[in-house]
Amino acid sequence: MSYRTADSFRTVTLDDVRGAQKMLMGIARVTAMEGSRHLSQLVGAPVHLKCENLQRTGSFKLRGAYVRIAGLLPEERAAGVVAASAGNHAQGVALASALLGVRATVFMPKGAPLPKISATREYGAEVRLYGHVVDETLAAAQEYAAETGAVFIHPFDHPDVIAGQGTVGLEILEQCPEVRTVVVGIGGGGLAAGIAVAVKALRPDVRIIGVQAAGAAAYPPSLAAGRPVSVENPATMADGIKVGRPGDVPFGIVGALVDEVRTVTEDELSTALLLCLERAKLVVEPAGASPVAALLSDPGSFEGPVVAVLSGGNVDPVLMQRVLRHGMAAQGRYLAVRLRLTDRPGALATLLGVLSLADANVLDVSHVRTDPRLGLTEAEVELHLETKGPAHCVEVGEALRAAGYTVIG
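Residues numbered from 1 in each chain as written. Predicted model: local features only at pLDDT ≥ 70, side-chain atom pairs only at ≥ 80, totals over all residues. Heavy atoms only, no water.

**Q** Quick question: what am I supposed to make of helix H11 (residues 248–257) here?
**A** For an α-helix, 3.6 residues make a turn, and residues three or four places apart therefore share a direction. By the burial criterion, the buried members of H11 are Asp248, Val249, Pro250, Phe251, Ile253 and Val254. Of the surrounding elements, those touching the buried residues of H11 are helix H8 (159–175), helix H9 (190–202) and helix H10 (219–225). (Buried < 20%, exposed > 50% of the residue type's maximum accessible area, 1.4 Å probe, protein only. Helix = DSSP H or I, 4+ residues; strand = E, 2+ residues; numbered from the N terminus. Contact = heavy atoms within 4.5 Å.)

**Q** Sorry, what's going on with the pairing of strand S10 (residues 306–310) here?
**A** Within a regular strand, the side chains alternate between the two sheet faces. Taken across its five residues, S10 has five buried, putting it largely inside the fold. Both faces of S10 are covered, namely the face carrying Val306, Ala308 and Leu310 and the face carrying Val307 and Val309. Two elements, strand S2 (residues 47–51) and S10, share five bridges in a ladder whose sense is parallel. Along S10, the bridge assignment pairs Leu49 with Ala308. Here strand S7 (residues 181–185) runs beside S10; their pairing, made up of three bridges, is parallel. Considered in S10, the bridge of Val183 is made with Ala308. (Pairing = 2+ DSSP bridges.)

**Q** Hey, could you run me through the packing of aromatic side chains in this one?
**A** Between two aromatic rings, the relevant description is the distance of the centres plus the angle of the planes. Counted by the stated rule, this structure contains two aromatic pairs. When the ring centre of Phe302 is taken as origin, the NZ or CZ atom of Arg262, which lies over that ring, is 4.5 Å away. (Phe/Tyr/Trp six-rings, centres within 6.5 Å; stacked < 30°, edge-to-face > 60°. Lys NZ or Arg CZ within 6 Å of the ring centre and 35° of its normal.)

**Q** I would appreciate a short explanation of the pattern of salt bridges in the present structure.
**A** Opposite charge on two side chains permits pairing when their charged atoms draw close. Taken as a whole and judged by the stated rule, the model has 13 salt bridges. Among the salt bridges present, the one from Arg128 reaches Glu126, with a minimum N-O distance of 3.0 Å. A residue is classified by how much of its surface remains accessible, and Arg128, at 34% relative accessible area, is partly exposed. Salt bridges sharing common partners tie together Lys50, Glu52, Arg63 and Glu171. (Salt bridge = Lys/Arg side-chain N within 4 Å of Asp/Glu carboxyl O.)

**Q** Can you help me understand the sheet that holds S2 in this one?
**A** Picture the strands of a sheet paired through backbone hydrogen bonds; they go either parallel or antiparallel. Spatially, six strands are ordered S1-S2-S10-S7-S8-S9 in an open sheet, and the strand pairing comes out mixed. Each edge of the open sheet is held by one strand with a lone partner, namely strand S1 (33–35) and strand S9 (260–264). Averaged over all neighbouring strand pairs, the angle between strand axes comes to 25 degrees, with direction disregarded. Packed on one face of the sheet, H8 meets S1, S2, S7 and S10 and runs near 140 degrees to S2. (Axes fitted to C-alpha atoms, helices over the stretch in contact; angles between N-to-C directions.)

**Q** Please explain helix H7 (residues 134–148) as it appears in this structure.
**A** Over its 15 residues, H7 extends 21 Å from the first C-alpha to the last, a length consistent with the 21 Å expected when each residue adds 1.5 Å. Packed against the buried residues of H7 are strand S3 (81–84), strand S4 (104–108), strand S5 (126–129) and strand S6 (151–152). Just downstream of H7 lies Gly149, where phi reads positive at about 85 degrees. (Expected span 1.5 Å × (residues − 1).)

**Q** What is the right way to read the side chain of His48 from this model?
**A** Mapped onto the elements, His48 comes out in strand S2. Judged by relative accessible area, His48 falls into the buried class, the value being 19%. Setting aside residues no more than four positions away along its own chain, His48 makes contact with Met33, Glu34, Gly35, Cys176, Glu178, Pro305, Val306, Val307 and Ala308.

**Q** Is there a simple way to explain the nonpolar core in this structure?
**A** Looking at soluble globular proteins, one finds that nonpolar side chains tend to be buried together. Residues Ile69, Val81, Ile172, Val179, Val182, Ile195 and Val309 are the most contacted members of the largest nonpolar core, which totals 64 residues. Other than its neighbours up to four places away in sequence, Ile195 contacts Gln165, Gly166, Val168, Gly169, Val182, Val184 and Val309. One finds Ala45, Leu49, Leu319 and Leu324 within the second-largest nonpolar core, a separate group that totals 37 residues. (Core = buried A, V, L, I, M, F, W, Y, C linked by side-chain atoms within 4.5 Å.)

**Q** Is there a simple way to think about the packing of H9 against H11 in this case?
**A** Relative orientation and spacing of two packed helices are given, respectively, by the angle between their axes and the distance between those axes. The contact between H9 and H11 brings their axes to 9 Å, and the two run at 50 degrees. The angle between H9 and H11 places the two elements in the oblique class. For the pair H9 and H11, the sense of crossing is left-handed. Judged by residue contacts, Gly190, Ala192, Ala193, Ala196, Val197 and Lys200 of H9 engage Pro250, Ile253, Val254 and Leu257 from H11. Partitioned by chemical class, the residues of the contact of H9 with H11 number eight nonpolar, one polar and one charged. (Parallel < 35°, antiparallel > 145°, perpendicular 65-115°, else oblique. Left-handed = near helix turned anticlockwise from the far one by under 90°. Nonpolar A, V, L, I, M, F, W, Y, C, P; charged D, E, K, R; others polar.)

**Q** Which parts of the structure should I look at to understand the environment of Met237?
**A** Structurally, Met237 can be placed in the loop between H10 and H11. C-alpha separation for the pair Met237 and Gly101, spaced 136 residues apart in sequence, amounts to 34 Å.

**Q** In this structure, what is going on with the sheet that holds S5? I would like to understand it.
**A** With parallel pairing, four strands are arranged side by side in an open sheet as S5-S4-S3-S6. The open sheet terminates on both sides in strands that have one partner only, identified here as S5 and S6. Two strands pair when backbone bridges link them, and S3 and S4 are joined in this way by four bridges, in the parallel orientation. Counted as the bridge partner of Ala84 is Phe107 from S4. Along the sheet, helix H5 (residues 88–100) contacts S3 and S4; its crossing angle with S3, the most-contacted strand, is approximately 165 degrees.

Here it is as C-alpha cells:
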C-alpha cells in the first residue's frame, strides 16, 4: 500500500539532501565509519562499516522523519502526525515529533517487540496496537489520518524522507572520499534512493548496490516490470526490509541510480549478524546486516574501497538469541540431533561420554520416555551441541553412529 500526495512526485535533488543535512545539524549524529579487517581480507580491498546502528533511536530513520515533520506548515503541525511501523520508523517519528513539539500517534502491530513499543512511548508518542501485520497497521494509521486531519508520515515514500536519508550518502563521501562501492539494504527504498541521489550527483563513478532479503525481494521483479509490483506474503527475519511493495517515489530513483539489487538468504543474514557481533563488536539487526551478508556471499565481486551501511541496531533480544543460534548453525558451530537409545540406567551418561570424546560441547538435553512412537524400552534424546565447524559436525555424527546410536535428525 502506498500513501500518495501531490508533492510525492517531486524530484529529489542534491540541493534537497544538502538542505536536509543543514536541518539535521545537532539533531542526527554523524555516525562513525569503522574499518573491518576481516571483511577487507575477504573482499581483497578496504571495507568500511557506516554505523547507523549507533544513530539516535538506533537507526537512520530519525533523519527522514525529522526532515519530513520539520517541513510541515504550522497548521499541519497543529493537527499532529501519525505513523505506522513495527519499530524503527516508529521511534524515529516519536523522537522527531518530540524535538519539534508535535503531537505524534504511532500505530504498531500487536506482535511488535516489547522493547520497541516501550522505546516509542518513552520518546513521547502515543502508541496504538492494531492488527497482526504491518499492512493492517498501515491501513489503521491512514484511516486515523483521514478522520482526524493528522499528517501521515510515510516511512519511505516521500521526497522529504528520502532527502533526509540521503544525508547518510553525504557523510559517506566526507568520511571515505575514495569510496568505489556503497552497499545498502533495501526495503521500501527510501535509504537507498537518498544515498544514490547524494552519491551519484557528486561521484557518478561510485557503484551503488542494494540488498534485499530473498523472501521479501520486491525490487527485482519490479525493476524487470518497470513499475512497482507487490510480493505476496513477504517472509524474512529482517523486519526492517520486510516490505512487500517498493515506494513509488524511491522506485523511480532506485531504477535510475542504483546499479544493482542483490538478494541474500536467511542463513547469510544470520551469519552476517553473528560476524558483526563477534568481529566488529557491533549489535546490528538483520536488516542492518544485509550489506555484510552480500559481501560474505560473493566477496570477490565488489570493487573497493567498499562502504557497507549498517542501517539499524534495534533487535529484539529474543530474536537475537534465535538469529545467533541460526547463524552458528549456518557456520557449522551449532548442531541439533535426535537419537534413540535403550532406556536403562547409565544410558544417557554413556551417550554423553561419546560426545565428550568427540569434543562436542552439550548445550541442552531433552529426554523423552513416553511417546507412542517409542518402544517399551526405548527413549528419545534431543541434543543441542556446540561444534567447531561443518567438518566437526560430520565427525560428531560419525562418532554417534560408530557407537551404535540411530541418529533420527
